[in-house]
Amino acid sequence: MKVSEGHASSRHSGGIVAGARSVPESERMQSKGELSGQRVLVMGLGIKDGGVGATLFAANRGASVTVTDLRGPEALADSLAELAPLELQLRLGGHDEEDFRNADLVIRNETIRRDNHFLRIAAAHGARIESPISLFMAEYDRPFLGVTGTKGKSFTTQLLQHLIAASGERAVAAGNNCVSPLRWLDASSTTLVLELSAQQLAEAAAHRRSPHIACWLNFFEDHLDSYASMAAYHADKAVIARFQSTSDVLVLPFGKPTFAQLDSPAQRRYFALSEPPGVDGVFLADGAITLVVDGRRTAVLPLRELPPTLRVPHHLELALAAVACAHAHGVSPTAIATGLKSFPGLPHRFEHVASSRGISFINDSAASTPESVELALRAIAADEGHALSFAGPIALIVGGGGDKKLCYTQLAQSICERVAQLILFEDDPIAALLRPLLADFRGPISTVRCMREAVAEGRRALETSGGGTLLLSPGCCGWPRFPDMFVRGRVFCEAVREGLTLTQGTP
């Protein structure tokens, strides 16, 4: 396949590709013909499946599809490989206004603002502007489960899907976790569990859709590079419950003021690390995850039987939320217990990478806010019986990404209280934000050029002190130093393993 960059285009043709992320043949999207003959422009192919899923959706329904992206073919190689058998027009390395003038439908990535110059051109020439999630909400006519929150969405969504699957039911986690729900529009025998970002929920509002079983995990400062205020961010998040009915279920953390005025007629179930009186939900009680419904208490699983990844305090709270959703969906306590015990965890979420010479290496690259870093620091220091315990000092690698206009004052205080060695990156916006706030920090601060140097510096410091924990918990997104936070985490893991291999090979 030949692809020209800039404003040149290229074609390739063939049949529908299955690919590793595709729906089984028996449940593959069937062409309904409603886009037959229409000119569809997919704006933002990307590498996370949203653009790929949208392209497959449009092509399978008979549209003439053009794909445009600011990036060139090298950066999009994996996505292009999956689309290679399709007949498409590609416009890579830049957008062309003519494509937007000629489009009947533009499917934009949810992160592209609706007031984008090219989208305004398309709308002025009569095009319908949609996104992958808005198309899903418009076309999917069955109940689905949805999870949102500032942090913890992916972990909870994946665990919830795992618990439903443990009951023998076919379930798929999709949405903001880089699996396009458009792939599953016609999969009638599959339960969909959607991870929903604030931007995606804003798209759902246009079609007045909320999940049948909705979970809002938490809410704190984030995305202020995209939102004018926390109130605007909260309003988009609140769509998770806004269009629910009395037959729906809303799962919330107990006792959080930010949810007190939430407008939803749905039945409410709560989760908490202690059992409050008089409410239904899932709580920590008598050393076990405990289900409470209409005053009846059922012990689901003792904490000692949970896998290590679910005994991390902030993961345990997410597990309680997932259990509440699974039970509301109809999964039995026995199946829930089976699923909890077999859950492997997720990469980049307080992931224990290795231990060597008294040092534990933790990859928490998905911690993209200051509050997330604080949770990781507290988890390492915790000794509450149900938590993992890590002996010795903490060497923290923080930064390595972009500034989302967040406040780092409280994190700086936590660093001063809990961290022995701080490792920052050169020419890094988070380092520039943190340094003026660290006047009371008494440990050494190292500045490094790359992740390999960061890991080596932390390992040396902890070996000198006799062991401890080397924690990557950045408190920011991965871009622009890394393509994203997942690549950042993989680079950390590679540096850890490379360093351990070299150390073990030393006579």
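Just above, that's the structure.
Residues numbered from 1 in each chain as written. Predicted model: local features only at pLDDT ≥ 70, side-chain atom pairs only at ≥ 80, totals over all residues. Heavy atoms only, no water.

J.: When you look at unusual backbone geometry in this model, what are you seeing that I'm missing?
T.: Of the consecutive residues W479 and P480, the connecting peptide bond is found in the cis state with omega at 10°. Position of P480 among the secondary structure elements: in the loop between β21 (468-472) and α17 (485-504). A positive phi angle, near 80°, is found at C178, a position not held by glycine. With respect to the helices and strands, the residue C178 is situated in the loop between β8 (171-175) and β9 (191-195). Positive phi outside glycine occurs at D427, with the angle close to 50°. With respect to the helices, strands and loops of the structure, D427 is situated in the loop between β19 (421-425) and α15 (429-434). (Helix = DSSP H or I, 4+ residues; strand = E, 2+ residues; numbered from the N terminus.)

J.: Explain the packing of aromatic side chains here, please?
T.: The final tally for this structure, using the stated rule, is 10 aromatic pairs. Note on F219 and Y233: the rings are 5.0 Å apart at their centroids and 35° apart in plane angle, and the pair reads as tilted. Here F219, found in the loop between β10 (213-216) and α8 (230-237), pairs with Y233, found in helix α8; they are 14 residues apart in sequence, far enough to count as distant. Each of the two residues, F219 as well as Y233, counts as buried. An aromatic cluster of at least three residues, connected via ring pairs, comprises W216, F219, Y227, Y233 and F259. (Phe/Tyr/Trp six-rings, centres within 6.5 Å; stacked < 30°, edge-to-face > 60°. Buried < 20%, exposed > 50% of the residue type's maximum accessible area, 1.4 Å probe, protein only.)

J.: Just to check I follow, could you spell out the sheet that holds β8 for this structure?
T.: Sheet strands pair via backbone hydrogen bonds, and the direction of the pair is either parallel or antiparallel. Overall, mixed pairing links the 9 strands, which are arranged β8-β9-β7-β10-β11-β12-β13-β14-β15 in an open sheet. Two strands in the sheet have a free side with no partner beyond their single neighbour: β8 and β15 (296-302). Geometrically, the sheet is characterised by an average inter-axis angle of 20° between neighbouring strands, direction not taken into account. (Pairing = 2+ DSSP bridges. Axes fitted to C-alpha atoms, helices over the stretch in contact; angles between N-to-C directions.)

J.: Explanation requested: the nonpolar core in the structure shown.
T.: Soluble globular proteins: nonpolar side chains tend toward being buried together. F57, F136, M137, L192, L194 and W216 are the most contacted members of the largest nonpolar core, which has 59 residues in total. Element by element, the count of residues in this core is highest for helix α1 (residues 50-60), at 5 residues. When sequence neighbours within four positions are dropped, the list of residues in contact with F136 reads F144, P181, L182, L185, L192 and L194. Counting residues in each nonpolar core, the second largest holds 42 residues, with I213, V249, V251 and F271 among its members. (Core = buried A, V, L, I, M, F, W, Y, C linked by side-chain atoms within 4.5 Å. Contact = heavy atoms within 4.5 Å.)

J.: What am I meant to see in the sheet that holds strand β18 (residues 394-397) here?
T.: In spatial order, the strands read β16-β17-β21-β18-β19-β20; together these 6 strands make up an open sheet with mixed pairing. Bordering the open sheet on either side are β16 (351-356) and β20 (445-448), each of which pairs with just one other strand. The mean inter-strand angle of the sheet, taken between neighbouring strand axes irrespective of direction, is 20°. In this structure, β19 lies alongside β20, joined through 4 bridges in parallel fashion. Looking at the pairing, I423 lines up with S446 of β20.

J.: Would you mind going over the environment of G37 with me for this structure?
T.: Relative to the assigned elements, G37 resides in the loop between β1 (9-12) and β2 (39-43). A relative accessible area of 63% places G37 in the exposed class. For the pair G37 and R101, spaced 64 residues apart in sequence, the C-alpha separation works out to 16 Å.

J.: Honestly, the side chain of S131 in this entry has me stumped. Any pointers?
T.: Structurally, the position occupied by S131 is in the loop between β6 (128-130) and α5 (132-139). Setting aside its immediate chain neighbours within four residues, S131 contacts I107, R108, E110 and E203.

J.: For this particular structure, what's the right way to read the pattern of salt bridges?
T.: Between side chains of opposite charge, a pair can form as their charged atoms come close. Under the definition given, this model contains 26 salt bridges. Across the pair R113 and D115 runs a salt bridge whose closest N-O atoms are separated by 3.1 Å. Residue classification places D115 among the partly exposed positions, given a relative accessible area of 40%. Between E130 and R128 there is a salt bridge, with the nearest N and O atoms lying 3.2 Å from each other. Overall, the relative accessible area of 8% leaves E130 in the buried class. (Salt bridge = Lys/Arg side-chain N within 4 Å of Asp/Glu carboxyl O.)

J.: What is the right way to look at helix α12 (residues 333-342) in this model?
T.: Given 3.6 residues to a turn, an α-helix orients residues that are three or four positions apart in the same direction. Every buried residue belonging to α12 is among A335, I336, A337, G339 and L340, and all of these are buried. The inward-facing, buried residues of α12 abut α6 (153-166), β14 (288-293), β15, α10 (308-311) and α11 (313-329).

That is the geometry; function is a separate question.
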